[in-house]
Amino acid sequence: MRKSWKLLAGVLLTAALLLSACSQTDNSKGQASNGAAEGEAAPVKLSAFINQSPNLASLDNPFTKLVEQKTNVKLSFTVGPPNDNNDKRNVLMASGDYPEVFLSGNFTPAEQMKFGKQGVFLPLNDLIEQYAPNIKKIFEERPDLKTAVTASDGNIYGMPQVNECYHCWYAQKLWINQKWLDKLGLAMPTTTEEYAEVLLAFKTKDPNGNGIADEVPLSGALYTWHGDITGFLMNPFIYNNGDGQSFSYIRVKDGEVQLSANQPEWKDGLTYLASLYKEGLIDPQAFTQNQEGLQQLGNNVGETILGSFAIGHVQMGVAATDERNQDYVAVPPLKGPKGVQLSGYYKSVGNQGRFVITDKASEEQQIAAIKMLDYLWTEEGTRGQVFSVEGHSWSKASDGQLDVNGKPAVYQVDPSYRSETIHTDGWDQAGPDFRPRERFESEAVSQDMLSPEGYELRLVTETKKYEGFEPKEDEMLPIDIFISNEDVEKAAQYKATVEDYVRSNMLQFITGHKDIEKDWNGYVQGFGGLKLNEYLQILQRAYDANLNKMKK
């Protein structure tokens, strides 16, 4: 009897196991309990910080879904506003409650070194070598890029947004009203003296024809992209990379890092600018107003009143919706009285750490994150970040379409994309995309450069006036330069005090609140108390280290 019960129990147990197996087999035909399909690994969850543009309706959009699908991740976003000076990012870092990945980190080289040394940012070298074949290939083809993102300790802590925009390389431009030149019978100025004569004619000869002396010969804007008039107008005297540069007012001469703003040539430039101001040729608001103030002049209701202005591209000064922006052309670099003729030059592959992986990431998450970055650097991944998924607002170019160089275009952007106020796809350039010049310039554009669709062609055409006037490579402190961890805090402190001192004194000299002849020596001596020599020594060490890094 006992044997029979044992036999029956065995049969029942076997049946139960078979039923259980059948149930599991049936379940596996659909989805596993973790949501992955049969034979697929479950998506890797990644928390990521990203800035969301006000022009983007939502990050829960087709491109985000495509990234997740292509790289088998599930993204959980911490969102920051784009124009908060990294405040939210800084709060996250200070609290210690930061995500596994930053997609809009914008960490400076100094910050990358700081957090890298602390172990908060993980080195990416081995991850790229093993799991990012696309980036690895790019590094092989572009060793300059690999050098730029490699810190002085040999580690890569952050990956940038690479945006090789040709007209941005020469962003320090001056725009002049060609219609006014033609009406007054004036040629395009080529020297500082000729430009002063043009400004005087704009002021006194009524080029807008209304019988009122309402013309503004020259204006600009602070706190915007190269709207500072002193950038362009100092370069006929001495190289001035202008405000807003990584290290402003710095040059290299015979291998020595120097401050441009205490050299005799700088004094000559100030004397010239002061003479323009004294004759009423410079708008006083140019030293205080923002871009909106400049556009009020450029888009003046009624007669045109703006003769010339400094800014990165013309439609920042006269809006695209105002046809008068077509009246302005770029002034080529002016030649100074001693033959100096230079362009501000900002070519950079970038080393702001848009993308970093933090110590919050597990090994599995690190691998998933670098694979995601590898996709984001593909052409599809880049266009998705900038525009959208293919077919949504961009598509492959049609036969016969040309790019800004007159070559067959690779892709075209739907005109509706640029006319839309709010976008419903992409990341609106918030991520770490990769746009080398060949990708940037492969978009189809109208060959009519005064049409809205031909604006990029117009910018490229105008920019060609500046090419070839940039200083030699060994005469500029590279934008992509790492300061050693030991010097980071001191460099930031010295940089702020020196640049503030230069700006405030430059304004006082130009406007006549300080006498250039009487007060120049005192101004130069004032740098001693700001520890200028220590600052230049730090930059010299970084410059020398960068040279050594490039030789390896």
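Parameters at a glance
- Residues numbered from 1 in each chain as written.
- Predicted model: local features only at pLDDT ≥ 70, side-chain atom pairs only at ≥ 80, totals over all residues.
- Heavy atoms only, no water.
- Helix = DSSP H or I, 4+ residues; strand = E, 2+ residues; numbered from the N terminus.
- Buried < 20%, exposed > 50% of the residue type's maximum accessible area, 1.4 Å probe, protein only.
- Contact = heavy atoms within 4.5 Å.
- Pairing = 2+ DSSP bridges.
- Axes fitted to C-alpha atoms, helices over the stretch in contact; angles between N-to-C directions.
- Salt bridge = Lys/Arg side-chain N within 4 Å of Asp/Glu carboxyl O.
- Expected span 1.5 Å × (residues − 1).
- Disulfide = S-S within 2.5 Å.

Q: Explain the overall build of the protein to me, and be specific about the residues and the numbers.
A: A count of helical and extended segments in the protein gives 21 helices and 14 strands. In terms of overall dimensions, the protein has C-alpha extents of about 125 × 55 × 40 Å along its principal axes. Each of the 552 residues in the protein was classed as buried or not, and the buried ones make up 51%. The contacts of the protein with a sequence gap of at least 6 include a subset with a gap of at least 24, amounting to 76%.

Q: For unusual backbone geometry, give the residues involved together with the corresponding values.
A: Look at Asn106: it is not a glycine, yet its phi comes out positive at around 50°. With respect to the helices and strands, Asn106 occurs in the loop between β3 (101-102) and α4 (109-118). Although it is not a glycine, Asp206 sits at a positive phi angle of roughly 50°. Along the chain, Asp206 falls in the loop between α10 (192-204) and β6 (216-219). The partly exposed category is assigned to Asp206, whose relative accessible area is 23%.

Q: Outline the sheet that holds strand β9 (residues 306-310), listing residues and values.
A: Pairing within the open sheet is mixed, and its four strands lie in the order β6-β9-β5-β10. Two strands close off the open sheet at either side, each with one partner strand: β6 and β10 (328-330). Taken over all neighbouring pairs, the strand axes of this sheet differ in orientation by 20° on average, direction set aside. Direction of pairing for strand β5 (residues 174-177) relative to β9: antiparallel, over a ladder of three bridges. Bridging from a neighbouring strand, Leu174 pairs with Ala310 of β9. With respect to the sheet, helix α13 (residues 291-298) is in contact with β6 and β9, its orientation differing from that of β9 by roughly 155°.

Q: Run through the pattern of salt bridges, naming residues and quoting values.
A: For the structure on display, the rule yields 23 salt bridges. Ionic pairing is found between Asp144 and Arg142, a salt bridge with its closest N-O pair at 2.9 Å. The exposure class of Asp144 is partly exposed, given its relative accessible area of 40%. One continuous salt-bridge network, built from bridges that share partners, spans Lys495, Glu499, Asp500 and Arg503.

Q: Provide a residue-level description of helix α19 (residues 488-511), including the pertinent values.
A: With 24 residues, α19 should cover 34 Å at 1.5 Å per step; its first-to-last C-alpha distance of 35 Å lies within 8% of that length. Among the structural elements, α4, α11 (229-234), β8 (256-259), α12 (264-278), α20 (516-526) and α21 (532-551) are those in contact with the buried residues of α19. Positive phi appears at Gly512, one or two residues downstream of α19, with a value of about 90°.

Q: Report on the state of the cysteines, specifying residues and quantitative values.
A: Applying the stated criterion to the full structure yields one disulfide. Bridging Cys165 to Cys168, the disulfide has an S-S length of 2.1 Å. Linking Cys165 and Cys168, the disulfide has an S-S dihedral of approximately 75° and is accordingly described as right-handed. According to the relative accessible area criterion, Cys168 is partly exposed, its value standing at 22%.

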